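So you can see what is in the structure, the chains are spelled out below.
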Amino acid sequence: MFDMPTEEFRKNGYKLVDWISNYLKDIEKYPPLSQVKPGEIFARIPSTPPQNGEEIERVLEDIDRILLDGITHWNHPGFMAYFNSTSSGPGILAELLTAALGINGMLWKTSPAFTELERAMMNWFRQMIGLPENYWGIIYDTASTSSMHAIASAREQLNLGIREKGISGRNDLPKLTLYCSEQAHSSIEKGALVLGIGLDGVKKISVNEKFEMIPEKLEEAIREDIRKGVKPFCVIATVGTTSTTSVDPVDAIAEITEKYNLWLHIDSAYAGVTAMIPEMKWITKGWGRADSIVINPHKWMFTPMDLSIYFTRKPDILKRAFSLVPEYLKTQVDDEVENLMDYGIQLGRRFRSLKLWFIIRYFGVDGLAERIRNHIQLAKEFANWIDDEKDFERLAPVPFSTVCFRYNPGDKTEQELNELNEKLLENINASGKIFLSHTKLNGKFTIRLTIGSIRHERRHIEEAWSLIKTIARR
Ligand SMILES: *Cc1c(COP(=O)(O)O)cnc(C)c1O
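Anyway, here's the lowdown on the structure attached to this text. If you're wondering where the values come from, they're calculated on a predicted model, not measured in any experiment. (Residues numbered from 1 in each chain as written. Predicted model: local features only at pLDDT ≥ 70, side-chain atom pairs only at ≥ 80, totals over all residues. Heavy atoms only, no water.)

1. A closer look at the overall build of the protein chain
In terms of regular secondary structure, the protein chain is built from 15 helices and 11 strands. The C-alpha atoms of the protein chain give a radius of gyration of 24 Å, which matches the 23 Å a tight globule of 474 residues would have. A principal-axis box enclosing the C-alpha atoms of the protein chain has dimensions of 70 × 60 × 45 Å. Within the span of the protein chain, comprising 474 residues, buried residues form 53% of the whole. Contacts spanning at least 24 positions in sequence make up 73% of the contacts within the protein chain whose residues lie at least 6 apart. Of the roughly 22500 Å² that the protein chain leaves accessible, carbon and sulfur atoms contribute 53%. If the 59 positive side-chain charges of the protein chain are averaged to one point and the 64 negative ones to another, these points end up 2 Å apart. (Helix = DSSP H or I, 4+ residues; strand = E, 2+ residues; numbered from the N terminus. Rg over C-alpha atoms; globule rule 2.2 N^0.38 Å. Buried < 20%, exposed > 50% of the residue type's maximum accessible area, 1.4 Å probe, protein only. Contact = heavy atoms within 4.5 Å. Areas by Shrake-Rupley, 256 points an atom, 1.4 Å probe, with all protein chains shown as cover. Lys, Arg positive; Asp, Glu negative; His and termini not counted. Charge placed at Lys NZ, Arg CZ, Asp CG, Glu CD.)

Shown next as structure tokens:
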């Protein structure tokens, strides 16, 4: 009638750790992209729950028997799609400990070590990327959540009484608008739709030939909206956009947000971690002028899903927007401590900072920087290989570790090229060797290759390139 006996846990725990160790050691024997058809895995799972308990051994066996075919292996070095999210050894160990401790870190009192380790890790990470001390950080699950909290703070800063009176049924509120480039991530629009700004309250500013927001267009749009009687309140600059990893000109944008008194949020979910490398410091130009910044260690800092860091200079506004303390959560030390539930939509919180503690200590700042730097160098090399071939074409600059390109043998219309490259991507992914993703740039079907897995070595990039050439020219 109680939990699994200690000895049974110990024995099967070792077995699972063995499974994980072998899985990661032999990961290259799997295809990175799962090749199952929709519904295939579901059909293997009994449609009703077991009435009586089963041996845990049976469950462990079914990882292989039922799930494995349906796993897309994000930790596979042939995974070069989207942005990598890979699990390092120390990150996996920290997840295990998180589950064992089972802490809900809603209040300082519900585990002082939780709140204080998170504070310490935010200070470490702030220093690693060279942000000034007036930035306060908190961990959320994803960048989507972080950016939603940024937009909520920007709205709270307007003092429109939205916390008390809401938005619906009011005719005393102006139409609110926020601005981002047409290359910004869809999470910005999701934040707008959940906060009552609406999709039509998101103004997409056009970009230059390098896919960077044009600040003059931003100011034009703001002035036009003010003239029409709507109220601009927030601008999102993206440092490392999702399609091409372009970098919006933060300094020039900050000039405008300061002039019109708008909240400036920087979305650097993917690229932000590169700020720990001295030669990449340029990406943080103007960051000290931002009201908030989001960076995802779960993308390019070898942290298992999920862990997103949100920095803001105005935690008081975040707290004003979200703090709501029912009687049962009041404590005697509320005046002396930080209760993290006050700074966001969720009450319960997972012990995510353990992952940062394990990972930063195990690799060290230099070790992390060295790995990320290596990925950037490999991407530059890959971009050169593309540039050196007459029948391949690069479609965007490569500031980080993502390369946008297409096959272009030179005798095709744009329409034919789109079809050709779509087919090429399909064939590459069906090879079971690598997994790439795509985007559309100025109407062109674009293949994207991204490097950022902790398991990426030079040979993987060489093999990918040789495979891409072979399939394209076939
Ligand atoms: C990946 C990404 C996001 C979304 O990240 P989640 O953590 O999955 O919500 C947002 N913005 C940018 C620029 C991204 O690259």
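2. Remarks on the site of the ligand
In the region of the ligand, 15 residues are neighbours, and Ala143, Ser144, Asp267, Asn296 and Lys299 sit closest. Within the contact set of the ligand, an oxygen atom lies 3.3 Å away from a side-chain nitrogen or oxygen of Thr242. Separating an oxygen atom of the ligand from a side-chain N or O atom of Lys299 is a distance of 2.9 Å. Considered on its own, the ligand offers 390 Å² of accessible surface; in the complex 88% of this is hidden by protein. For the shell around the ligand, the secondary-structure elements that each account for two or more residues are helix H6 (143-156) and helix H11 (297-300). Taken together, the residues of the shell around the ligand break down into 4 nonpolar, 9 polar and 2 charged. (Near = heavy atom within 4 Å. Polar contact = N/O pair within 3.5 Å; in protein donor to acceptor, adjacent residues only side chain to side chain. Nonpolar A, V, L, I, M, F, W, Y, C, P; charged D, E, K, R; others polar.)

3. Describing the nonpolar core
In this structure, Leu178, Trp287 and Met301 are the most contacted members of the largest nonpolar core, which totals 89 residues. Per element, the largest residue contribution to this core is 9 residues, and it comes from helix H13 (residues 353-388). Shared between two domains, this core holds at least three residues of each, these being domain 1 (17-33 + 72-101 + 353-474) and domain 2 (103-350). When sequence neighbours within four positions are dropped, the list of residues in contact with Trp287 reads Ile129, Leu131, Tyr135, Val239, Val250, Ile266, Ser268, Gly272, Ile293 and Ile295. With 28 residues, the next largest nonpolar core counts Phe382, Ile434, Ala464 and Ala472 among its residues. (Core = buried A, V, L, I, M, F, W, Y, C linked by side-chain atoms within 4.5 Å. Domains from an automatic or database assignment.)

4. Comments concerning the sheet that holds strand S1 (residues 136-140)
Across the sheet, 7 strands lie side by side as S1-S7-S6-S5-S4-S2-S3; this open sheet has mixed pairing. Strands at the two margins of the open sheet, each flanked by one partner only, are S1 and strand S3 (202-205). Recorded for the sheet is a direction-independent mean angle of 20° between the axes of neighbouring strands. Here 4 bridges tie strand S2 (residues 176-181) to strand S4 (residues 231-238), and the two strands are oriented parallel to one another. Looking at the pairing, Leu176 lines up with Lys231 of S4. (Pairing = 2+ DSSP bridges. Axes fitted to C-alpha atoms, helices over the stretch in contact; angles between N-to-C directions.)

5. What about the pattern of salt bridges?
Taken as a whole and assessed by the stated rule, the structure comprises 44 salt bridges. A salt bridge links Glu327 to Lys330; its shortest N-O distance comes to 3.3 Å. Of the residues examined, Glu327 reaches a relative accessible area of 60% and is grouped as exposed. Between Glu370 and Arg373 there is a salt bridge whose closest N-O contact spans 2.8 Å. Placement of both Glu370 and Arg373 in helix H13 is noted, with a separation of 3 residues, approximately one turn of the helix. Each of Glu95, Asp306, Arg350, Arg352 and Lys355 takes part in one network of salt bridges that share partners. (Salt bridge = Lys/Arg side-chain N within 4 Å of Asp/Glu carboxyl O.)

6. Describing the side chain of Ser453
Note on placement: Ser453 falls in the loop between strand S11 (444-450) and helix H15 (458-473). At 2.9 Å, the side chain of Ser453 and the backbone nitrogen of Arg455 are in polar contact. In this structure Ser453 touches Asn75, Asn84, Thr86, Phe302 and His375, once residues within four positions along its chain are discounted.

This is a description of form; function is not addressed.
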